[in-house]
Amino acid sequence: MFDKLFIRNAIDRSAENALDRRRFLRSASAAGMGVAGAGLLTAGAAGNAFADTSGWGHHDPHAKPSDGAVLNFALNLEYLEAEFYLRAVKGYGLSATMVTGKGKPGGVKGGRKVKFKTKAVRAYAEEIAADELAHVKFLRSALGAAAVSRPAIDIDAAFTAAATAAGLIKPGQKFDAYANENNFLLAAYVFEDVGVTAYKGAAPLITNKTFLEAAAGILAVEAYHAANIRTSLVAAGLEVPSVAISNARDSLDGKTDLDQGVTYQGKTNIVPTDANGIAFSRGADQVLNVVYLTPKKATKGGFFPAGVNGEINTSRANG
């Protein structure tokens, strides 16, 4: 289920190539909007803030993927976020009409309604859930017949594995992301920062200007979400486990220390940036390292036990 090396280290180009491009552009134009994201970066390494396209090619590691392939990769992530947040605020996830498409469809394990104790956190969760649902609807509309189906998602087991790796629980214990407000915030933090860096990494790869503008809009929304979650973590006194989660993510996506918790260099760190105020990017393969919960090259694992659907589906080897 989960790569043992992660636990050990953490604790111590066309819409889907077959799609007619003109039909793809027409469907997206009818939807009217688009996709993008933002992230973090270590001080003194400003060059890393800009996307490395080597993580976005399927057959050729240096190939630039199509707009459709990038949007379908984003759709996989939006499925995950939507399912996580909808279950937290409503007790159920996406409807059957929102999950069909190309590739192997899958169900969702885990998730239930959270008993929020703080009015602001409940409001944040409800708003984010609505936004993620809207993102799924938009991407599916833009991609049309090329949209991938929702892959199998395992929320409970993956969060337990991630929490174990971060040292938040002991091996053999269970981490329930929905048990209480604090657990929910820590779980949301795993997604939000990764989503931001993924969209920022994808943005320079989008060729169509309509999609790019819309992508920038989604990027901004994801960054707003991340700031809400990070602020809530500080307000709840969860700085220490936040840093542990950041360190765990760093153990997955490569040797460079890019991730930052909600405290950094002894100060509160709501907006993680480099010395130039620029957020960093993750390649798709690095994003998959995190959601597959492994620093190895893989095509499945973690939150996606059968892998993601679409052309971009393989993590990198970071050994």
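Coordinates for the structure precede this section.
In short, a report on the structure. On a predicted model such as this, the values are computed, not experimentally measured, just so you know.

### Side note on the packing of aromatic side chains
Per the stated rule, a full pass over the model turns up 10 aromatic pairs. Ring geometry for Phe 84 and Tyr 85: centres 4.9 Å apart, planes at 75°, overall edge-to-face. Of the two residues examined, Phe 84 and Tyr 85, each falls in the buried class. Joined through ring pairs, the aromatic side chains of Phe 84, Tyr 85, Phe 116, Phe 159, Tyr 178, Phe 184, Phe 191 and Phe 303 make up one cluster. Here the basic side chain of Arg 249 rests over the ring of Tyr 189, its NZ or CZ set 4.5 Å away from the ring centre.

### Observations regarding the packing of helix α4 (residues 119-143) against helix α7 (residues 209-235)
At a minimum axis separation of 11 Å, α4 and α7 run at an interaxial angle of 160°. Overall, the two elements α4 and α7 adopt an arrangement that is roughly antiparallel. For the crossing formed where α4 meets α7, the hand is left-handed. Of the residues in α7, those in contact with Val 121, Tyr 124, Ile 128, Asp 131, Glu 132, His 135 and Phe 138 of α4 are Ala 214, Ile 218, Val 221, Glu 222, His 225, Asn 228, Ile 229 and Ser 232. Its residues assigned to classes, the contact of α4 with α7 shows eight nonpolar, four polar and three charged.

### A few points about unusual backbone geometry
Unusually for a residue other than glycine, Gln 265 sits at a positive phi of about 55°. Along the chain, Gln 265 turns up in the loop between β3 (263-264) and β4 (267-268). Residue class for Gln 265 comes out exposed when judged on its relative accessible area of 65%. Unusually for a residue other than glycine, Leu 293 sits at a positive phi of about 60°. Leu 293 sits in the buried class, given a relative accessible area of 3%.

### Focus on the nonpolar core
Phe 84, Phe 159 and Phe 184 are the most contacted members of the largest nonpolar core, which totals 82 residues. Looking at this core, the elements that each hand over two or more residues are α3 (67-90), α4, α5 (155-165), α6 (181-202), α7, α8 (239-250) and α9 (284-292). At 15 residues, α3 tops the list of elements feeding residues into this core.

### Describing the packing of α3 against α7
Contact geometry of α3 with α7 gives a least axis separation of 13 Å together with a crossing angle of 30°. Relative to α7, the element α3 is oriented roughly parallel. The two elements α3 and α7 meet at a crossing, and its hand is left-handed. Facing Asp 67, Leu 71, Glu 78, Glu 81 and Tyr 85 of α3, the residues of α7 in contact are Phe 211, Ile 218, Glu 222 and Ile 229. When its residues are assigned to classes, the contact of α3 with α7 shows five nonpolar, no polar and four charged.

### A closer look at α6
Here α6 contains 22 residues, and its C-alpha end-to-end distance of 31 Å stays within 8% of the 32 Å for a straight helix at 1.5 Å per residue. For α6, the buried fraction is high: 21 of the 22 residues fall into the buried class. The distance from a side-chain oxygen at the start of α6 to the backbone nitrogen of Asn 182 is 3.2 Å, and the residue carrying that oxygen is Asn 180.

### Re the pattern of salt bridges
One pass over the full model with this rule turns up nine salt bridges. Taking the shortest distance from any N to any O, the salt bridge between Arg 112 and Asp 176 comes out at 2.1 Å. Here Arg 112 is found in the loop between β1 (108-109) and α4, whereas its partner Asp 176 is found in the loop between α5 and α6, with 64 residues between them in sequence. On the accessibility criterion, Asp 176 (17% relative accessible area) is buried. We note a salt bridge from Asp 259 to Arg 249, for which the minimum N-O separation is 2.7 Å. Of this pair, Asp 259 sits in the loop between α8 and β3 while Arg 249 sits in helix α8; the two residues are 10 residues apart in sequence, bridging distant segments of the chain. As far as the burial class goes, Asp 259 and Arg 249 line up, both buried. Through salt bridges that share partners, Asp 193, Arg 230, Arg 249, Asp 253, Asp 259 and Arg 282 make up one connected network.

Reading guide: rules and limits
- Residues numbered from 1 in each chain as written.
- Predicted model: local features only at pLDDT ≥ 70, side-chain atom pairs only at ≥ 80, totals over all residues.
- Heavy atoms only, no water.
- Phe/Tyr/Trp six-rings, centres within 6.5 Å; stacked < 30°, edge-to-face > 60°.
- Buried < 20%, exposed > 50% of the residue type's maximum accessible area, 1.4 Å probe, protein only.
- Lys NZ or Arg CZ within 6 Å of the ring centre and 35° of its normal.
- Axes fitted to C-alpha atoms, helices over the stretch in contact; angles between N-to-C directions.
- Helix = DSSP H or I, 4+ residues; strand = E, 2+ residues; numbered from the N terminus.
- Parallel < 35°, antiparallel > 145°, perpendicular 65-115°, else oblique.
- Left-handed = near helix turned anticlockwise from the far one by under 90°.
- Contact = heavy atoms within 4.5 Å.
- Nonpolar A, V, L, I, M, F, W, Y, C, P; charged D, E, K, R; others polar.
- Core = buried A, V, L, I, M, F, W, Y, C linked by side-chain atoms within 4.5 Å.
- Expected span 1.5 Å × (residues − 1).
- Polar contact = N/O pair within 3.5 Å; in protein donor to acceptor, adjacent residues only side chain to side chain.
- Salt bridge = Lys/Arg side-chain N within 4 Å of Asp/Glu carboxyl O.

Purely geometric stuff here, so don't read any function into it on its own.
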